[in-house]
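Observations on the three-dimensional arrangement
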Amino acid sequence: MEAFQLLLSGLSQGCVYGLIALGFVLIYKATEMLNFAQGDMMMLGAFVAFTLVNLLGLSFFVGFFLTLVVMVGFGMALERTVIRPMIGEPPFAVLMLTIGLGFILRAVAGAVWGSETETLDVPFAGNVLEVGGVVLGYENLVVIAGTALLCVALWAFFRYSRIGIAMQAASQNQLAAYYSGVPVKRVTSLVWGISAAISATAGILVAPVMLIDPMMGFLGIKAFAAAIVGGLGSLPGAIVGGLIIGVAEQFVGLYLPPGLGEVSAFVILLVMLMVRPQGIFASMQQKKV
Amino acid sequence: MRFVLTTHYGQDVNLFRHNGQRFWYALLAVGAVAAPLFLNAFYVGELVLVFIWAVAGIGLMLLVGYTGLVSLGHAAFLAIGAYCHAVLLGYGVPFALSAPIAVAFTALVGALVGIPALRMTGVYLAIATLAFERIVAYVIEHWEPVTGGLRGMSVPQPEFFGLSLADSYVLYYFSLGVLAAGLFAAANLLRSPMGRAFIAVRDSEISAESMGVHLARTKTTAFAVSAAFTGLAGVLLAHRIGYLAPDAFTVQTSIQLLLLVVVGGLGSLHGVVFGAIFVGYLPQVIALARDVLPSAVGQIPGLELGVFGAILVLFLVFEPLGLYGRWLKIRSWLSQFPLYRKATHKRQKSYLRTERVH
Amino acid sequence: MILPAGEPAPTLFEARDLSLSFGGVKAVRDVSFEIRRGEVFSIIGPNGAGKTTIFNLINRIYDADAGTMSFNGEDMSRVPGHRVAELGITRTFQNTELFDRATVLENLLIGRHVHRRTNLVAECLFLPSARRQEVAFRSYAEQIIDLLDLQASRDQMAGALPYGTRKVVEIARALCAEPQLLLLDEPSSGLNPEESEDLAFWIEDISADLGVTIAMVEHDMNLVTTVSNRVMAMADGAAITTGTPSDVQNHPEVLRAYLGDFEGSDVPGEREGAPLARKEPSAGEREGEPLARKEPSAGEREGAPLARKEQCEGEPLANKEPPTVEH
């Protein structure tokens, strides 16, 4: 039974990694840029929701929706102001830029909201579900259900909506998409917006489980590991990679020496890179001439 | 602007092209040697730190600036060099032996980390090195019998000929010598086939391979050389701080090293020195600013890192060539004064060349 | 170029029954040919005929599914990619692959990498051996610079050069390795007529003065007939015929390959005029047509540049026709 509870909390933690990884992969697929500030976008999203719900007293669902809107705007603004001038610069320049952005976001959050941990008021906090002697925290269930819902929504978006299809086209071949009338620049902006919103969702879902503070973005590092384990460039891979890492962490933490749970994500990542560097769902190949 | 009449290809190969350059570098050397005579121990100690940053920076510059491989975990190499050296000294190994062993060991670890790099693009590597850094930090924190765990360990300070590296003046000259030798070695490497192979790998792997560059060997060499320099900096750092604890080597340290190479100017050894001065003194400037600023701003947690981040972003967006690039512009403005055209240094935009096929 | 009459020159490179497919597309099928020492050997054919794939096979970027290759009588079907240059084969690329953030001189010096005899320690200390080697490298590179008239761009960054010069620098870099066989992948594409004429002279110089055997993939029939000793025509991954330029040009199958099945898609000479962004097909596609349609053509996959401005080989929409792979 203990194992089952571990599995559940592992899955819920894994969903969070998976969601951040999803935002990360989305941007990578569309622009070949790595956004190392993804974890900090999650942090920012959580703080925005905290402001709206706790401080301004909006209801949770209204606050949640408004947070998404704010974060889409934030992501797009970020793309427009600092990311777009970097097009054509070497990839690691962009990578370092986003690292810098992460530090800035952390400092700004520290300045605005202080460095104490905060708790987001959620309607489902503290409740538990008892099934046959197993106690399941609502928070964990909500994370899993929320992730599943978001995945379905994203799948439908990319499969059916015009703009979603345009995004796929642009991520496959920007030049060709451009010639076919896809507004590539606007699509790229929107990708950043959506990615920020996904991260914010992760932040809100995880808030009841792990509390909000400016340093929570460090979670993002494990999400990068998840993205690579799943296969960088694969959206389902991001979620699967996140789940693997989340579950592994819980079990390693219980059965192996203390502290090893913390680094298990990285060990898994390095092993994966040695054995199957393209990840579980491979999608990258060699460049051609 | 100076035109040099070259009559032999050997002149082209020389590190210093003409006597003017030789004069200025000699003057700089004299200044560096004489500086401690005019400074008190605190400032000498600060300069030592700058030298250590610079030695580590040479390592990262070779990797990031010349080979185009990104490492987000170079603090790990710094830590490995420092701990390996300190542990060996603790076992009574003489300095003359323990320092080279520490450097060689770091190089070996670097080569091992480089192996996954052979099969993947820079993206994977960046994250892999980050993971590597976390794992090294974990080992240092938990391998208490050897590293002292979270409590840390003190570094034995050996004496030779009555001189101890604990004395900041002695350490100053020692690190100055190491830095000069390091710069010399790196400059030599860069005017040799291997250094050019680094550049080839950075700019086009496919073309490098078709010109006979062994990609795997070149990348592993780059990693090993880079780790060796950083490990050497670690050895110096161990003596500089005298007490090793895990919190001296964090993600922040790795980021500071990246800041060093970016701010200094990617792809130039001059940039390493500029960057080291910048990174060495930035925390002091921030500390001073904290006192001046109103406490609401000055006491922001993470302010220092936020400033690092902001500077990183500003440089990447506005001056990707770093301080050295800026200096080149100023210099050519001065030498061509009334005729200077801004377009001379117009930024070369290279369009994204993808490494992937969908 | 100027080969002695009488018996044919000895074989330098030989390919036997090379085949390669990408997924279901047969890019190269059972192609056999030989390149004789000292000659200029051209491969022609419509886009997607598999010409560049042949080069990539020789260069060991791809593993052939079947067939063998030998160089100087020794099997080279399985040598690693970086050994090809050591054997004595260097190449240029269709879209130029220079080391953009290095000077022209440095590019050429990298070309001499196969002649590196020093080790890391000697290089770090710049021992006399390293210095001697470096001076020797430079003097060779300068000879090539003189041969190809690159003095003016010697110290410029390769990335800042005009397209025509980049192409020449690539040839120079390949020559610096002192190859026995030089592979030129569409050397004249993107050059203006004058530059193309210069190119013809250079190819003759390289062949005559340096004694380098040349194999080239080329669309410009003028250039091909001027410099080639023998020509191989390809279509759909297969070799149609091999012979003298005029024989091949008048071969009925060759004419059909160019004019019959592939209507004007790539008749030599028309290339330069082909607008990069021919728009007609886009109008139809804009109306909600599946944007994410995956064309089988790998030519379309070419690089997905964020905003790459150079001529994009395989102009995504301009030539949708040939379904085969131009690798």
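Residues numbered from 1 in each chain as written. Chains lettered and ligands numbered in written order. Predicted model: local features only at pLDDT ≥ 70, side-chain atom pairs only at ≥ 80, totals over all residues. Heavy atoms only, no water.

**A few points about the overall build of chain A**
The helix and strand tally for chain A stands at 11 helices and two strands. The C-alpha radius of gyration of chain A comes to 19 Å, within 12% of the 19 Å expected for a compact globule of 289 residues. Dimensions of chain A, computed from the C-alpha atoms along their principal axes, are close to 60 × 50 × 35 Å. A burial count over chain A gives 59% of its 289 residues as buried. Partitioning the intrachain contacts of chain A with sequence separation of at least 6 by distance along the chain shows that 75% fall at a separation of at least 24. When the accessible area of chain A is evaluated, it comes to approximately 10,600 Å², of which 70% is carbon and sulfur surface. Within chain A, one finds 12 positive and 13 negative side-chain charges whose respective centroids are separated by 24 Å. (Helix = DSSP H or I, 4+ residues; strand = E, 2+ residues; numbered from the N terminus. Rg over C-alpha atoms; globule rule 2.2 N^0.38 Å. Buried < 20%, exposed > 50% of the residue type's maximum accessible area, 1.4 Å probe, protein only. Contact = heavy atoms within 4.5 Å. Areas by Shrake-Rupley, 256 points an atom, 1.4 Å probe, with all protein chains shown as cover. Lys, Arg positive; Asp, Glu negative; His and termini not counted. Charge placed at Lys NZ, Arg CZ, Asp CG, Glu CD.)

**A few points about the overall build of chain B**
Each helix and strand counted, chain B has 16 helices and four strands in total. Taking the contacts inside chain B whose residues are at least 6 apart along the sequence as the reference set, 75% of them involve residues at least 24 apart. Total accessible area on chain B stands at roughly 15,300 Å², and carbon and sulfur atoms take up 69% of it.

**Description of the pairing of strand β3 (residues 40–44) of chain C**
All names here are of chain C. Of all five residues making up β3, five are buried, and the element is well covered by its neighbours. Two strands pair when backbone bridges link them, and β3 and strand β8 (residues 213–217) are joined in this way by four bridges, in the parallel orientation. Each residue of the ladder has a partner; that of Val40, found in β8, is Ile214. Taken together, the four bridges between β3 and strand β9 (residues 230–235) define a ladder with parallel strand orientation. Following the sheet pairing, Ile44 is matched in β9 by Ala233. (Pairing = 2+ DSSP bridges.)

**Points about the packing of aromatic side chains**
Enumeration over the complete set of coordinates arrives at 21 aromatic pairs over all chains. Summarising the aromatic geometry, the rings of Phe157 of chain A and Phe158 of chain A are spaced 5.3 Å apart at their centres and angled 70 degrees between planes, so their arrangement reads as edge-to-face. Relative accessible area serves as the criterion here: at 21%, Phe157 of chain A is assigned to the partly exposed category. Exposure remark for Phe158 of chain A: the relative accessible area of 11% places this residue in the buried category. Between Tyr172 of chain B and Tyr173 of chain B the ring centres are 5.3 Å apart and the planes differ by 90 degrees, which places this aromatic pair in the edge-to-face class. Under the relative-accessibility criterion, Tyr172 of chain B is labelled buried at 1%. Here the aromatic residues Phe24, Phe36 and Phe224 of chain A are joined through ring pairs into a cluster of three or more. If you follow Arg191 of chain B out to its NZ or CZ, it ends over the ring of Phe126 of chain C, 3.5 Å from the centre. (Phe/Tyr/Trp six-rings, centres within 6.5 Å; stacked < 30°, edge-to-face > 60°. Lys NZ or Arg CZ within 6 Å of the ring centre and 35° of its normal.)

**A look at the confidence of the model for chain A**
Residue and element names in this part refer to chain A. Looking at chain A, pLDDT values average 84 and 96% of them are 70 or higher. Across chain A, helix α3 (residues 60–83) holds the top mean pLDDT of 92, while strand β1 (residues 128–131) sits lowest at 73. Low pLDDT, under 50, characterises residues 285–289; the predicted model gives this stretch 27 contacts beyond four residues in sequence or across chains. (pLDDT = per-residue confidence, 0-100.)

**Here's the deal with unusual backbone geometry**
Residues and elements named next belong to chain C. One non-glycine residue, Arg60, adopts positive backbone phi at about 65 degrees. Mapped onto the secondary structure, Arg60 falls in the loop between α1 (51–58) and β4 (66–71). On the basis of relative accessibility, which here comes to 13%, the residue Arg60 falls in the buried class.

**A word on helix α5 (residues 128–147) of chain C**
In this model, α5 of chain C (20 residues) spans 29 Å end to end at C-alpha, consistent with the 28 Å of a helix rising 1.5 Å per residue. Listing the buried residues of α5 of chain C in full gives Ala130, Gln133, Glu134, Val135, Phe137, Arg138, Tyr140, Ala141, Glu142, Ile144 and Ile145 of chain C. Buried positions along α5 of chain C lie against α1 (9–13) and α9 (193–203) of chain B together with α3 (104–111), α4 (120–125) and α6 (163–176) of chain C. (Expected span 1.5 Å × (residues − 1).)

**Section: a negative patch on the surface**
A cluster of like negative charges, contributed by Asp146, Asp149, Glu194, Glu197 and Asp198 of chain C, occupies part of the molecular surface. Position of Glu194 of chain C relative to the elements: it lies in helix α7 (residues 193–209). (Patch = residues over 30% accessible without salt bridge, like charges linked within 9 Å, V, L, I, M, F, W, Y side chains within 5 Å. Salt bridge = Lys/Arg side-chain N within 4 Å of Asp/Glu carboxyl O.)

**Quick notes on the sheet that holds strand β5 (residues 74–75) of chain C**
Residues and elements named next belong to chain C. Taken together, the four strands give an open sheet; going across it, the order is β2-β1-β4-β5, and neighbouring strands pair in antiparallel fashion. With partners counted over all chains shown, the strands left at the sheet margins are β2 (25–36) and β5, one partner each. Across two bridges, β4 lies against β5 in antiparallel orientation. Of the residues in β5, the one forming a bridge with Ser70 is Asp75.

**Focus: the side chain of Thr253 of chain B**
Residues and elements named next belong to chain B. Position of Thr253 among the secondary structure elements: in helix α12 (residues 251–264). At 3.4 Å, the side chain of Thr253 forms a polar contact with the backbone oxygen of Ala248. Excluding anything up to four places from it in sequence, Thr253 contacts Trp53, Ala75, Leu78 and Ala248. (Polar contact = N/O pair within 3.5 Å; in protein donor to acceptor, adjacent residues only side chain to side chain.)

**So, the nonpolar core**
Ranked by internal contacts, the top residues of the largest apolar core, which has 214 residues, are Phe36 and Leu120 of chain A together with Leu72, Tyr172 and Leu244 of chain B. Among the elements that make up this core, the one with the highest residue count is helix α3 (residues 41–66) of chain B (17 residues). Excluding residues within four positions of it along the chain, Leu120 of chain A makes contact with Ala49, Phe50, Val53, Asn54, Phe60, Ile204, Ala207 and Ile212 of chain A. Val40, Ala158, Ile171 and Leu175 of chain C belong to the second largest nonpolar core, which has 35 residues in total. (Core = buried A, V, L, I, M, F, W, Y, C linked by side-chain atoms within 4.5 Å.)

**Observations concerning the packing of helix α1 (residues 2–31) of chain A against helix α5 (residues 138–160) of chain A**
Residues and elements named next belong to chain A. It is the contact of α1 with α5, at a shortest axis distance of 8 Å, that shows an interaxial angle of 30 degrees. Classed by the angle they form, the pair α1 and α5 counts as roughly parallel. Crossing of α1 against α5: the hand is left-handed. Contacts between α1 and α5 pair Leu8, Ser9, Leu11, Ser12, Cys15, Val16, Leu19, Leu22 and Leu26 from the former with Asn140, Leu141, Val143, Ile144, Thr147, Leu150, Leu154 and Phe158 from the latter. Residue classes in the contact of α1 with α5 are distributed as 13 nonpolar, four polar and no charged. (Axes fitted to C-alpha atoms, helices over the stretch in contact; angles between N-to-C directions. Parallel < 35°, antiparallel > 145°, perpendicular 65-115°, else oblique. Left-handed = near helix turned anticlockwise from the far one by under 90°. Nonpolar A, V, L, I, M, F, W, Y, C, P; charged D, E, K, R; others polar.)

**Here we look at the pattern of salt bridges**
Using the criterion set out here, one finds 24 salt bridges over all chains in the structure. With a closest N to O distance of 2.7 Å, Asp40 of chain A and Arg106 of chain A form a salt bridge. Taken together, the residues span a long stretch of sequence, with Asp40 of chain A in helix α2 (residues 38–55) and Arg106 of chain A in helix α4 (residues 91–113) at a distance of 66 residues. For the residue pair Asp40 of chain A and Arg106 of chain A, the accessibility class agrees, reading buried in each case. Three or more residues are tied together by salt bridges with common partners; here these are Arg196 of chain B together with Glu134 and Arg138 of chain C.

**Re helix α13 (residues 269–292) of chain B**
Residues and elements named next belong to chain B. For α13, which comprises 24 residues, the first-to-last C-alpha distance of 35 Å matches the rise-based estimate of 34 Å (1.5 Å per residue) to within 8%. Maximal helix bending in α13 amounts to about 35 degrees, located at Tyr281; proline Pro283 follows within four positions. The set of residues buried in α13 consists of Leu269, Gly271, Val272, Gly275, Ala276, Val279, Gly280, Leu282 and Ile286. Residues of α13 that are buried in the fold lie against α3, α8 (168–190), α12, α15 (303–318) and α16 (322–335). Where α13 begins, one side-chain oxygen reaches toward the backbone nitrogen of Gly271, 2.8 Å away; that side chain belongs to Ser268. (Bend = angle between axes of the 7 residues up to and from the residue.)

**Remarks on a nonpolar patch on the surface**
All names here are of chain B. On the surface, a cluster of nonpolar side chains totalling about 760 Å² of accessible area is made up of Val33, Leu37, Phe38, Leu39, Phe42, Tyr43 and Tyr173. For the nonpolar patch, the secondary structure elements donating two or more residues are α2 (19–38) and α3. Element by element, the count of residues in the nonpolar patch is highest for α2, at three residues. You can see Tyr173 is positioned in helix α8. Residue classification places Tyr173 among the partly exposed positions, given a relative accessible area of 35%.

**Focus on the confidence of the model for chain B**
Residue and element names in this part refer to chain B. Averaged over all residues, the pLDDT of chain B equals 85, while 90% of them reach at least 70. Per-residue pLDDT, averaged within each element of chain B, yields its smallest value for helix α14 (residues 295–298) (66) and its largest for helix α4 (residues 74–90) (95). Contacts for the low-pLDDT stretch residues 349–358, under 50 throughout, to residues beyond four places or in other chains number 46 contacts. For this predicted complex, the interface confidence score (ipTM) comes to 0.85, while the overall pTM stands at 0.84.

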